[in-house]
Amino acid sequence: MSATPSTTVPSAPPLLELENITASYGDLQALFGITLRVNAGEIVTLIGANGAGKTTTLRVISGIKQAAGGALRFAGKDVSRVPAHEMVARGVSHVPEGRQVFPFMTVRENLSLGAYTPRARGHMKQSLEEQLTLFPRLAERMDQLAGTLSGGEQQMVAIARGLMAQPKLLLLDEPSLGLAPKVVDEVFEKIQEVRRKGITMLIVEQNVVSGLSISDRGYVVQNGTILMEDSAKNLLTNAMVRAAYLGL
Ligand SMILES: Nc1ncnc2c1ncn2[C@@H]1O[C@H](COP(=O)(O)OP(=O)(O)OP(=O)(O)O)[C@@H](O)[C@H]1O
Ligand SMILES: [Mg+2]
């Protein structure tokens, strides 16, 4: 007899998987077992109080910070020990908290720095054109020092710089922080345009309503663990989420 055929169609593995990830800064343990997944094509948002471990989670994913324990898989491969520059080459771009554009470099130079992997360098010209189509306002400011841009424009530079690496997964840490409401809306519209390009995103967002409104799913991070996971729609109507994070 031949092997029994499988009756279930295997579903594609998640693009990103964290299983029981722990991490510490010296004696201070920040993550106590983070388990989450992001499927290809999704936007997933992490919400949680200050110090909950959201940024640390993103840092572990992008290889900036090494996990102390647990498993990290990207595109079906174990990447627990893969350094940050190699994660960029594999398709993970991290747009950090506070944007961190290089203030004394021009917009053009900031964007070029995003394309430092050999793969991205080869497509630099086309990639730059794509970013300027997405962010036309940057096209007018290519030779301006990034530090002289408005907060919203600097966020656009930070996102565009991340996209220059041609990522499969874009990590966005607090993209709306410190921006005026109108600019926040603009940033979230751009994030949706990025999704339409087929780029998967994991977003940390303190602007819970805006973040969840454009997301498929979300996780609530509390004290370095996942307190809750659900569809973004359910989280937005969840009584605990509304009381704790929306003040409703
Ligand atoms: N570089 C660091 N050195 C030491 N401790 C750190 C460092 N970065 C973060 N921590 C600590 O780790 C814990 C988690 O911090 P993390 O920055 O991941 O939280 P967060 O959820 O992103 O918070 P926020 O909403 O304020 O950005 C906190 O207790 C924080 O004080
Ligand atoms: Mg943070």
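I will try to describe carefully the structure that is included in this document. (Residues numbered from 1 in each chain as written. Chains lettered and ligands numbered in written order. Predicted model: local features only at pLDDT ≥ 70, side-chain atom pairs only at ≥ 80, totals over all residues. Heavy atoms only, no water.)

If you trace the backbone, Ser 210 turns up in helix 9 (residues 208-213). Of the polar contacts made by the side chain of Ser 210, one reaches the side chain of Asn 207; its length is 3.1 Å. The residues contacting Ser 210, other than those within four sequence positions of it, are Val 184 and Phe 188. (Helix = DSSP H or I, 4+ residues; strand = E, 2+ residues; numbered from the N terminus. Polar contact = N/O pair within 3.5 Å; in protein donor to acceptor, adjacent residues only side chain to side chain. Contact = heavy atoms within 4.5 Å.)

Next up on the list: the environment of Leu 15. As for its placement among the helices and strands, Leu 15 is situated in the segment before strand 1 (16-25). With a relative accessible area of 11%, Leu 15 lands in the buried category. On a C-alpha basis, the gap between Leu 15 and Gly 151 in space is 31 Å, while along the polypeptide they are 136 residues apart. Apart from residues lying up to four places away in sequence, Leu 15 is in contact with Val 38, Asn 39, Ala 40, Arg 73, Phe 74, Ala 75, Lys 168, Leu 169 and Thr 200. (Buried < 20%, exposed > 50% of the residue type's maximum accessible area, 1.4 Å probe, protein only.)

Moving on, we come to the environment of Gln 155. Tracing the chain through its elements places Gln 155 in helix 7 (residues 151-163). Considering only alpha carbons, one finds Gln 155 and Gly 98, 57 residues apart in sequence, at a separation of 8.5 Å. Excluding residues that lie within four positions of it along the chain, Gln 155 makes contacts with Val 95, Arg 99, Glu 174, Pro 175, Leu 179 and Val 187. A polar side-chain atom of Gln 155 sits 2.6 Å from a polar atom in the side chain of Arg 99.

Before going further, it helps to examine the nonpolar core. Membership of the largest hydrophobic core comes to 33 residues, with the highest contact counts inside it found for Leu 111, Ile 159, Leu 170, Leu 172, Ile 191 and Met 201. Mapped onto this core, the elements with two or more residues apiece are helix 3 (107-113), helix 5 (124-134), helix 7, strand 7 (169-173), helix 8 (181-196) and strand 8 (200-204). When near neighbours in sequence (up to four residues on either side) are disregarded, Leu 170 contacts Ser 93, Val 95, Ile 159, Gly 162, Leu 163, Val 194, Ile 199, Thr 200, Met 201 and Leu 202. Leu 15, Ala 52, Phe 74 and Val 204 belong to the second-largest nonpolar core, a separate cluster that totals 28 residues. (Core = buried A, V, L, I, M, F, W, Y, C linked by side-chain atoms within 4.5 Å.)

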